[in-house]
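# Residue-level structural notes
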Amino acid sequence: MDSKADFRATFESLIANTKLDGRYRTFIELERIAGEFPSAFWHGPDGQTRRVTVWCSNDYLGMGQHRDVLAAMHRAIDRSGAGTGGTRNISGTNWQHVQLETELADLHSKEGALIFTSGWISNLAALGTLGRLMPGCVIFSDALNHNSMIEGIRRSGAERFIFRHNDVTHLDELMSSVAPDRPKIVAFESVYSMDGDIAPIAAICDVAEKHGAMTYLDEVHAVGLYGVRGAGIAERDGVSHRVTLIEATLAKAFGVMGGYVAGPAASSSQPRFAHILLRVPSRLCSTSELILRSGRAKSAMSGG
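Figured I'd write up the structure that's included with this text. (Residues numbered from 1 in each chain as written. Predicted model: local features only at pLDDT ≥ 70, side-chain atom pairs only at ≥ 80, totals over all residues. Heavy atoms only, no water.)

Next up on the list: the sheet that holds strand β3 (residues 49-53). Across the sheet, three strands lie side by side as β1-β2-β3; this open sheet has antiparallel pairing. Unpaired on one side and paired on the other, β1 (29-32) and β3 mark the two borders of the sheet. This sheet shows a mean twist of 35° between the axes of neighbouring strands, independent of strand direction. (Pairing = 2+ DSSP bridges. Helix = DSSP H or I, 4+ residues; strand = E, 2+ residues; numbered from the N terminus. Axes fitted to C-alpha atoms, helices over the stretch in contact; angles between N-to-C directions.)

In structure tokens form, the structure reads like this:
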């Protein structure tokens, strides 16, 4: 009798059960049309193609189709090629990436920034690293935080408390139950995409400051849309200076791809966060972002 595991049968059974449960997904195949956002060609399973309008795109402002953004992409390719040749710790940091990080830091009125391959990865890496590197750290997370933030917090191994969504009173109660000398992080979003509500950033900062905690704000669904320069809700509300770390995306309103974290430089009590985040495996072991992305992102951030 053959005792070897039948991997094929295992996966076929899993797929069959997924279909029976109604959880099997079939993705439609779309071909975007440059300059005609939000139109696209739908390539159907029957081989037929028809023109459709994509109302569910997260390219909120159509910047991924903007002629100046596309031109910046071409210029970057013509100058430096499509790749970077390796990770930062092996092949060095690309000059275009340094320029982009400088602009992102300035956008959020912070002293430094670090780009990642996606917004999901930036949350995973930043929260996972900060919670792990500070002994005895406690993370307080909003009940409706995005999965990437939840996974980052889990990865950190830090003790965590979940406060009721946008409930600063509950947050204060939870923080009061923790020893004052323990490092604390309050992690929350500015715009919650599934519900469309906005966090009371100033009130959350009040509680965090009362307990000597860092604040970590996800502005993924707000950058490019709110604030005088498009830096998000914190800028709109005039409280960017009160938020320790701001995480956001280069996709969605900026129309490209990638993510980033912006924060302070060294002080008497806070390390240079960018250098700390460089220690995370998900940052070091992923090949540096394409040069073309930096060109497109910088153009999109400046409105073309």
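Where burial is concerned, most of strand β10 (residues 214-218) is hidden: five out of the five residues are buried. As paired elements, strand β7 (residues 184-189) and β10 share five bridges and run parallel to each other. Bridge pairing links Glu189 to Asp218 in β10. Across three bridges, the pairing between β10 and strand β11 (residues 245-249) is parallel. Residue Tyr216 lies in a different strand from β11, and its bridge partner there is Leu245. (Buried < 20%, exposed > 50% of the residue type's maximum accessible area, 1.4 Å probe, protein only.)

Spatial strand order, β4-β12-β11-β10-β7-β5-β6: seven strands in an open sheet with mixed pairing. With one partner strand each, in any of the chains shown, β4 (112-116) and β6 (159-163) form the two edges of the open sheet. Recorded for the sheet is a direction-independent mean angle of 20° between the axes of neighbouring strands. Bridge count for strand β5 (residues 138-142) against β6 is five bridges, and the pairing is parallel. Each bridged residue has a counterpart across the sheet, and for Ile139 the counterpart in β6 is Arg160. Together, β7 and β10 form the strand contacts of helix α8 (residues 201-210), whose direction differs from that of β7 by roughly 170°. (Contact = heavy atoms within 4.5 Å.)

Take the nonpolar core next. Counting residues in hydrophobic clusters, the biggest one holds 25 residues, and the most contacted among them are Phe140, Leu171, Met175, Val186, Phe188 and Ile201. Counting residues per element, the ones that place at least two in this core are β5, α7 (168-176), β7, β8 (191-192), α8 and α9 (233-236). If one sorts the elements of this core by residue count, α8 sits on top with five residues. Not counting residues within four places of it along the chain, the set of residues in contact with Phe188 comprises Asp142, Asn145, Met149, Ala199, Ile201, Ile204, Thr215, Tyr216, Leu217 and Asp218. (Core = buried A, V, L, I, M, F, W, Y, C linked by side-chain atoms within 4.5 Å.)

Interaxial distance between helix α5 (residues 119-133) and helix α6 (residues 147-156) falls to 7 Å at its minimum, and their mutual angle equals 30°. In terms of orientation, α5 lies roughly parallel with respect to α6. For the pair α5 and α6, the crossing hand works out as right-handed. Where α5 abuts α6, its residues Trp120, Asn123, Leu124, Leu127, Gly128, Gly131 and Arg132 lie against Asn147, Ser148, Met149, Glu151, Gly152, Ile153, Arg155 and Ser156. Split by residue class, the contact of α5 with α6 holds five nonpolar, seven polar and three charged. (Parallel < 35°, antiparallel > 145°, perpendicular 65-115°, else oblique. Left-handed = near helix turned anticlockwise from the far one by under 90°. Nonpolar A, V, L, I, M, F, W, Y, C, P; charged D, E, K, R; others polar.)

The grouping of Phe7, Phe11 and Leu14 at the surface amounts to a nonpolar patch, some 360 Å² of accessible area in total. Residue position: Phe11 is located in helix α1 (residues 7-20). (Patch = residues over 30% accessible without salt bridge, like charges linked within 9 Å, V, L, I, M, F, W, Y side chains within 5 Å. Areas by Shrake-Rupley, 256 points an atom, 1.4 Å probe, with all protein chains shown as cover. Salt bridge = Lys/Arg side-chain N within 4 Å of Asp/Glu carboxyl O.)

On the secondary structure map, Glu247 appears in strand β11. With no salt bridge to any partner, buried Glu247 finds its closest opposite charge in Lys252, at an N-O distance of 8.7 Å. Side-chain polar atoms of Glu247 contact the side chain of Ser122, separated by 2.7 Å. Setting aside its immediate chain neighbours within four residues, Glu247 contacts Gly119, Ser122, Asn123, Tyr216, Leu217, Asp218, Glu219, Val220, Tyr260 and Val261. (Lys, Arg positive; Asp, Glu negative; His and termini not counted. Polar contact = N/O pair within 3.5 Å; in protein donor to acceptor, adjacent residues only side chain to side chain.)

One pass over the full model with this rule turns up one aromatic pair. When the ring of Phe140 is compared with that of Phe161, the centres are 5.4 Å apart and the planes differ by 15°; the resulting orientation is stacked. Of this pair, Phe140 sits in strand β5 while Phe161 sits in strand β6; the two residues are 21 residues apart in sequence, bridging distant segments of the chain. The ring of Tyr24 carries the charged tip of Lys19 above its face, separated from the ring centre by 4.7 Å. (Phe/Tyr/Trp six-rings, centres within 6.5 Å; stacked < 30°, edge-to-face > 60°. Lys NZ or Arg CZ within 6 Å of the ring centre and 35° of its normal.)

It is worth spelling out the environment of Ala199 at this point. By the secondary structure assignment, Ala199 is in the loop between β9 (197-198) and α8. Along the chain, Ala199 and His165 lie 34 residues apart, while their C-alpha atoms are 8.7 Å from each other. Contacts of Ala199, omitting those with residues within four sequence positions, involve Asn166, Phe188, Glu189, Ser190, Tyr192 and Ile204.

What follows covers the pairing of β3. Look at any regular strand and the pattern is simple: side chains alternate between the two faces of the sheet. Pairing of strand β2 (residues 39-43) with β3, which is carried by five bridges, proceeds in the antiparallel orientation. Counterpart to Ala40 in the pairing with β3 is Val52.

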